[in-house]
Amino acid sequence: MRSYKSKMVEPITLPSRAEREDALDAAGYNVFNLDADDVFVDLLTDSGTGTMSAEQWAALMRGDEAYAGSSSFSELRDAVRDVMGFEYVVPTHQGRGAENVVYGVLVEEGDVVPNNAHFDTTRAHVANQGADPVDCPHPLARDPDADHPFKGNFDLDAGRELVEDVGADAIPVVVQTITNNSVAGQPVSVENTREVAAFADEIDATFVVDACRFAENAYFVQQREAEFEDAAVADIAREQLSYADAVTMSGKKDALVNIGGFAAMNDPELFEHAKQRGILYEGFPTYGGLAGRDVAAMAVGLREAVEPPYVEERVEQVAELGRLLAEAGVPVYEPTGGHAVYLDAESVLPHVPKDRFPGQELVCALYLEGGVRGVELGGFAFPGTDRPDLVRLALPRRTYSREHLEHVAETAAKVKQSAAFYEGLEIVEEPPMKELRHFSARLEPV
Ligand code: F0G
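Small disclaimer: the values here were computed from a predicted structure and weren't measured.

**Side note on the pairing of strand S7 (residues 246–250)**
Line of reasoning, step 1. Of all the five residues making up S7, five are buried; the element is thus mostly covered by neighbouring parts of the structure.
Line of reasoning, step 2. Because side chains alternate across S7, one face comprises the buried residues Ala246, Thr248 and Ser250, and the other comprises Val247 and Met249, equally buried.
Line of reasoning, step 3. Pairing analysis gives three bridges linking strand S6 (residues 206–210) to S7, with the strands arranged parallel. Bridge assignment links Val209 to a residue of S7, and that residue is Val247.

Printed below as a string of structure tokens:
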């Protein structure tokens, strides 16, 4: 049962089949090129697409637009201290701004940075420093059927092997991403966070947590880690983050805002350096590239994210979508993650060879059959890797109802029934940077 009601609505419409065909054709079979107005249920991302609360809208009106010393910043600083346990905050325009600030300070050319799995922008910021981002995922991470409560964990054995290979001196930072977006949104246990903190300590590295979805992760811990079954989500979140030296945060996820982010830490020296880099790239340290009102809304959202029953409903809604899809006979990554359901495109379209992009074809088919927009995270988005062709259906927070989820499951079932119609795609136009091709490439049915 939802513990909220709507007080503002945004109409959405399902274009006709013919209109969807035309729209997809005009978009070059790339859903990033679609007009959002032509999408019925938009599951492209959970980032910045959620619904704010009445309290957040009220905070927007109260936002203090002072260039320096804004009271909205004081509200954010207090919220970060109370909810996450960090003394110092550098606000940024979004999560990648926080990555630039933190990794720009801590990482140098030739360094190596292990992470349970880097999100794209994290990888790019580490690489941008001339360093090598290395993933250390849980051994079961790639198995969509393996049953394990914390498939998002950091693999310590892989971390230790890396130290043997490159030497501790080459590793200035160890990162843990909670939940693990690049591994189907799978959670990370507090025990694993403690172990990774100890590992970072052993090699004298700074331990950074990518905390974008820290509240969703804490809910999983409460449900799945025996030590925490009686603990409140807010207490679990604070404990898990207490092992980190610093966090990078995209407010567009678990701070429930449409834009914003920050880096936070307890070490005054790291703060001083991050603050200086923040001034260079983001703005004065009390607004960080944001309007004061956005800082104010982020402060409120951060507190709401760990309050019951919000986060339980949030994660359970994602699980419900996973269940509806599985019941409709569509193969999904198990267990479902915190923010998204990942479909196994190679099982839905088994006759489409990898070089005809079964994942991207499934994304297009979901749009054609029901105006649903997901995103491919496989061979099209990550050329040259051996990633399985997964399609992510990410749920915006507090936005869609059970009827929308049913529509998504029915749409996926229709795709499965008419699978033979979908024979794959070929790229007809791509940008020079292969890593970014999925954002703008154009394709055609083969
Ligand atoms: N870290 C993780 C784990 C993320 O999922 C994201 C964004 C970022 C960092 C960067 O944050 O977008 O505010 O700059 N993920 C979005 C997504 C874009 O769709 O998964 P940002």
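Having put the structure on the table, let's press on.
**A short note on the site of the ligand**
Line of reasoning, step 1. Not every one of the 15 residues close to the ligand is listed here, only the nearest: Thr45, Gln94, Gly95, Arg96 and Ser250.
Line of reasoning, step 2. Taken together, the elements giving at least two residues each to the shell around the ligand come down to helix H4 (95–106) and helix H5 (120–128).
Line of reasoning, step 3. Among the residues forming the shell around the ligand, the class breakdown is two nonpolar, ten polar and three charged.

**Overview of the packing of H4 against H5**
Line of reasoning, step 1. Put simply, H4 and H5 touch, their axes get as near as 9 Å, and they point 30 degrees apart. As far as their axial angle goes, H5 and H4 are roughly parallel. Two packed elements cross with a definite hand, and for H4 against H5 that hand is right-handed. Here Gly95, Arg96, Glu99, Asn100 and Tyr103 of H4 lie close against H5, whose contacting residues are Thr121, Thr122, His125 and Val126.
Line of reasoning, step 2. Of the residues in the contact of H4 with H5, the class split is two nonpolar, five polar and two charged.

**Side note on the confidence of the model for the protein chain**
Line of reasoning, step 1. Taken over all residues, the pLDDT of the protein chain has a mean of 96, while the share at 70 or more is 100%.
Line of reasoning, step 2. Two summary scores accompany this predicted model of the complex, namely pTM at 0.97 and ipTM at 0.99.

**Some words on the domain arrangement of the protein chain**
Line of reasoning, step 1. Looking at the assigned domains, one finds that the protein chain contains domain 1 (17–39 + 309–445) and domain 2 (54–305).
Line of reasoning, step 2. Sorting the residues of the side of domain 1 that touches domain 2 by element identifies helix H12 (310–327) and strand S9 (340–344) as the ones contributing at least two each.
Line of reasoning, step 3. For the side of domain 1 that touches domain 2, the per-class residue count stands at eight nonpolar, three polar and five charged.

**Some remarks on the UniProt feature "domain: Aromatic amino acid beta-eliminating lyase/threonine aldolase" (unreviewed entry) in the protein chain**
Line of reasoning, step 1. The UniProt entry lists residues 42–410 under the feature "domain: Aromatic amino acid beta-eliminating lyase/threonine aldolase" (unreviewed entry), expressed in the numbering used here.
Line of reasoning, step 2. End C-alpha atoms of residues 42–410 are separated by 15 Å, and the span's content is 44% helix alongside 13% strand.

**Brief notes about the pairing of strand S4 (residues 132–135)**
Line of reasoning, step 1. Bridge count for strand S3 (residues 112–115) against S4 is four bridges, and the pairing is parallel. Bridge pairing links Val112 to Asp132 in S4.

**With respect to the environment of Gly28**
Line of reasoning, step 1. Structurally, Gly28 is set in the loop between helix H1 (17–26) and strand S1 (41–42).
Line of reasoning, step 2. A count of 19 C-beta atoms within 10 Å places Gly28 in the partly exposed class.
Line of reasoning, step 3. On a C-alpha basis, the gap between Gly28 and Ala441 in space is 7.6 Å, while along the polypeptide they are 413 residues apart.

**Looking at the environment of Ala146**
Line of reasoning, step 1. Mapping Ala146 onto the fold places it in the loop between S4 and helix H6 (156–166).
Line of reasoning, step 2. On a C-alpha basis, the gap between Ala146 and Tyr333 in space is 8.9 Å, while along the polypeptide they are 187 residues apart.
Line of reasoning, step 3. Apart from the residues within four sequence positions on either side, Ala146 is in contact with Leu140 and Lys151.

**With respect to unusual backbone geometry**
Trans is the common state for peptide bonds, and a negative phi is the common state for residues other than glycine.
Line of reasoning, step 1. For the bond from Ile178 to Thr179, the omega torsion is -20 degrees, close enough to zero to count as cis.
Line of reasoning, step 2. Relative to the elements of secondary structure, Thr179 occurs in the loop between strand S5 (173–177) and helix H7 (190–202).
Line of reasoning, step 3. Look at the link from Pro308 to Pro309: it is a cis peptide, with omega at 0 degrees.
Line of reasoning, step 4. You can see Pro309 is positioned in the loop between helix H11 (292–305) and H12.
Line of reasoning, step 5. At Asp204, a position not held by glycine, the phi torsion is positive, near 60 degrees.
Line of reasoning, step 6. Along the polypeptide, Asp204 turns up in the loop between H7 and S6.
Line of reasoning, step 7. We note that Leu256 has phi near 60 degrees; this positive angle belongs to a residue other than glycine.
Line of reasoning, step 8. For Leu256, the location among the structural elements is in the loop between S7 and strand S8 (261–265).
Line of reasoning, step 9. Owing to 27 C-beta atoms within 10 Å, Leu256 belongs among the buried residues under this scheme.

Rules used in this analysis
Residues numbered from 1 in each chain as written. Predicted model: local features only at pLDDT ≥ 70, side-chain atom pairs only at ≥ 80, totals over all residues. Buried ≥ 20, exposed ≤ 12 C-beta atoms within 10 Å, placed from the backbone. Helix = DSSP H or I, 4+ residues; strand = E, 2+ residues; numbered from the N terminus. Pairing = 2+ DSSP bridges. Near = placed C-beta within 6 Å. Nonpolar A, V, L, I, M, F, W, Y, C, P; charged D, E, K, R; others polar. Axes fitted to C-alpha atoms, helices over the stretch in contact; angles between N-to-C directions. Parallel < 35°, antiparallel > 145°, perpendicular 65-115°, else oblique. Left-handed = near helix turned anticlockwise from the far one by under 90°. Contact = placed C-beta atoms within 7 Å. pLDDT = per-residue confidence, 0-100. Domains from an automatic or database assignment. UniProt positions renumbered as here; feature names shortened; annotations may be inferred.

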